[in-house]
Every structure is written in structure tokens, then in C-alpha cells.
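Examination of the molecular architecture
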Amino acid sequence: MYIDQVGDRTLADCNVLIVDDQASSRLVLETLLEETVSCFSVNSGKEAIEYCRHNTPDLILMDVSMPEMDGHQTTALLREKPACEHIPIIFVTSSSTEEEESRCWASGCVDFVVKPVNACTLINRVKSHIQHKLRSDFLEKLIYIDKLTGAYNRHYLDDYLPRLVKDSERNATPLALVIFDVDHFKLFNDMYGHLDGDSCLWKVSKTINEALLRPMDKLVRIGGEEFLVILPNTDVDGAKAVAERLLQTVYDLNIPHASSEYSRITLSAGLALKLANDSKTVDYIMLEADKNLYAAKTSGRNRVVSPSQSVTKNAKGLSSGQKLKSLS
């Protein structure tokens, strides 16, 4: 028996990526599944990897025999990415030999179907694996999600960040961390009350989450009114651009704050970078980001400070020379 809904998601909310170099095969698979899930199709392993850089499908139907990059190679590359390693992949293969079955399992698939595809088998296997993923996602949400803000919590950070550092070193790509702090939040709580304070944190978290454009970018609540944004494969300039955009987005919420010099809720941010060839530890990167956050606070708030220089542009282009009396 299949359950149509787990948590707040239904089968109809789920997305399946179909990877096949034959247009006719893609059409068959889409037609069979269109009444059950949403489908998106690409015609090569390269396109599948590019698609998953910006989207996170709930399941992938992967053709095994494709030119340039076959299903086994594509799956291996996807499994190296933390954002993709838990996506169930079902191989679609024209061979049913024991050797081919062994290759499929060894490549990291969760199942496989043989061409020509049996409609009933395909639909029920897709349903089964998606529902298993929905249950896993729901349990992960209970463990890793901060109940107040909907951002990830410290447990998630402890598990996820060390893996990202290793991934950055293996792929020789930079990893950026940005710590954000809600300016004058204690004064906000004192003036408006803790219920409004909780509502403010929820709005800020929701706004930042919605403004993050890549599935690999993660928002973590690391304590009180302090948040961390993790930006894999992002250099200093890219991270500064993201941080400044997030500051502007929160500024534009225009949440009233009479005790702020900006008369609204604003954020300060400190940025740190881990390069593939440096020896920085996770703790060191976090400490560096925290120091830069302190510098943003002492130089006027509502701005970003990066590792290599002083204050960067703040929301609405306000003067970076303004000083404040406290650091809350």
C-alpha cells in the first residue's frame, strides 16, 4: 500500500529527472509517469550534472548506455556531490545479464528496470523509492531542522560541514562561509517582546532561505539571532555578492525597529574562505568569519566584511563610516 503524503509533501509535489539520449525513450518515460510525479528530461550525463547543480530532484531515472558519459560515470560524479549523494537513482538498461546487474548495483543505484520498460513495474518502483525518500527526508527534518526558524541546526552543521570541506579539497574548489547576525536584536526583544522577536527571526530565516539560489547553499541557525550561510564552490567575490544581496533582501523586508539607527531590522555579516590548497580547519574558518562579523558590527552594521579587506557595501549604500554604541 502506498501513502500519498508524508509530512507536507505528496507524490504530486515530487520531481523526477529523466536522463536518456533517445528522445523516444524520454517521451515514453514521461508519459508513463506524468500522472504520478512531475518530470524533467535531459539527453546526456553532462546535462544531468548541470541540472543538479541548480535543482535537487527526488529521483533520477538514468539510462545506462549513453555516448560520451554513460549512466555509471554520471552516477559516480553525482555521488561525489553532498547535495546529490542521497538522491535515489534507478538505472534503465537494455541488458539483463548478471554482469550488468552487478555493475548497476556497484555504481550506486537503488534499483534498475530493463528495456522495454514494463509500465506497471516502472510506476510502482518509482512510487516506492520516492516514498522511501519522503520518509527519510521527513526524519532528517525532525533531526536537522530548527523548529523556530526552519533553518538547519547545529546537528546538521556538525555532520555536513566537515564533508563539504573534504569535498572542497578533493575537487580543488573554494568553500565560503558567511555568518549573519541580526543587528540590535536584544533591543528589539526588549522593545517589542519575545513573540515578535521569534516572528522576526522566522521572517529573516525564511527570506534568506528563499533568496539562496542553489540547492547546495545552506542556511544554518547557529545560535540565538546568529545564522550561517554555507556556499560551496564560491570564491570571495561570489560570496560577497551573495551576502550583500541577502543583506539587501532583509533590509527590504522593512521590519520596524525603533532602536536601530536604520529604523528597521538589518543584518551584519562576516565572510571567511577555505581554499583547496590551504590547511585551515573548520574551527579556524568559523573563527575567521566570526572576527569579520565583529568588524562589521564595529564599523556601523548593516554591511559585510570579507577576509581580505575592510567593510564592503551595505544595504541601500549607507555610509560605512557610521559608528554605534553597542554590539548587540
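Residues numbered from 1 in each chain as written. Predicted model: local features only at pLDDT ≥ 70, side-chain atom pairs only at ≥ 80, totals over all residues. Heavy atoms only, no water.

We now examine the domain arrangement of the chain. Domain boundaries assigned for the chain yield domain 1 (5-141) and domain 2 (154-326). Its C-alpha centre places domain 1 at a distance of 35 Å from the equivalent point of domain 2. Summed over both sides, the interface of domain 1 with domain 2 buries roughly 760 Å², with 51% coming from carbon and sulfur. When the buried surface of domain 1 facing domain 2 is broken down by residue, Arg-53, Glu-80 and Pro-82 rank first, second and third, together holding 55% of it. Counting every contact that joins domain 1 to domain 2 gives one salt bridge. The salt bridge involving Arg-163 is made with Glu-85; its shortest N-O contact spans 2.0 Å. Taken together, domain 1 and domain 2 are joined by two residue pairs in polar contact (both at pLDDT 80 or more). Partitioned by chemical class, the residues of the side of domain 1 that touches domain 2 number three nonpolar, four polar and three charged. (Domains from an automatic or database assignment. Buried area = accessible area lost by both parts, 1.4 Å probe. Salt bridge = Lys/Arg side-chain N within 4 Å of Asp/Glu carboxyl O. Polar contact = N/O pair within 3.5 Å; in protein donor to acceptor, adjacent residues only side chain to side chain. Nonpolar A, V, L, I, M, F, W, Y, C, P; charged D, E, K, R; others polar.)

Before going further, it helps to examine the pairing of strand S10 (residues 226-232). With six of seven residues buried, S10 is to be regarded as a mostly interior element. Two strands pair when backbone bridges link them, and strand S8 (residues 175-182) and S10 are joined in this way by seven bridges, in the antiparallel orientation. Its bridge partner being in S10, Leu-177 is matched across the sheet by Ile-230. Both strand S9 (residues 218-223) and S10 contribute to a ladder of five bridges, which runs antiparallel. Each bridged residue has a counterpart across the sheet, and for Arg-221 the counterpart in S10 is Phe-227. What sits between the antiparallel neighbours S9 and S10 is a turn of two residues, in which Gly-224 has the positive phi angle 55°. (Buried < 20%, exposed > 50% of the residue type's maximum accessible area, 1.4 Å probe, protein only. Helix = DSSP H or I, 4+ residues; strand = E, 2+ residues; numbered from the N terminus. Pairing = 2+ DSSP bridges.)

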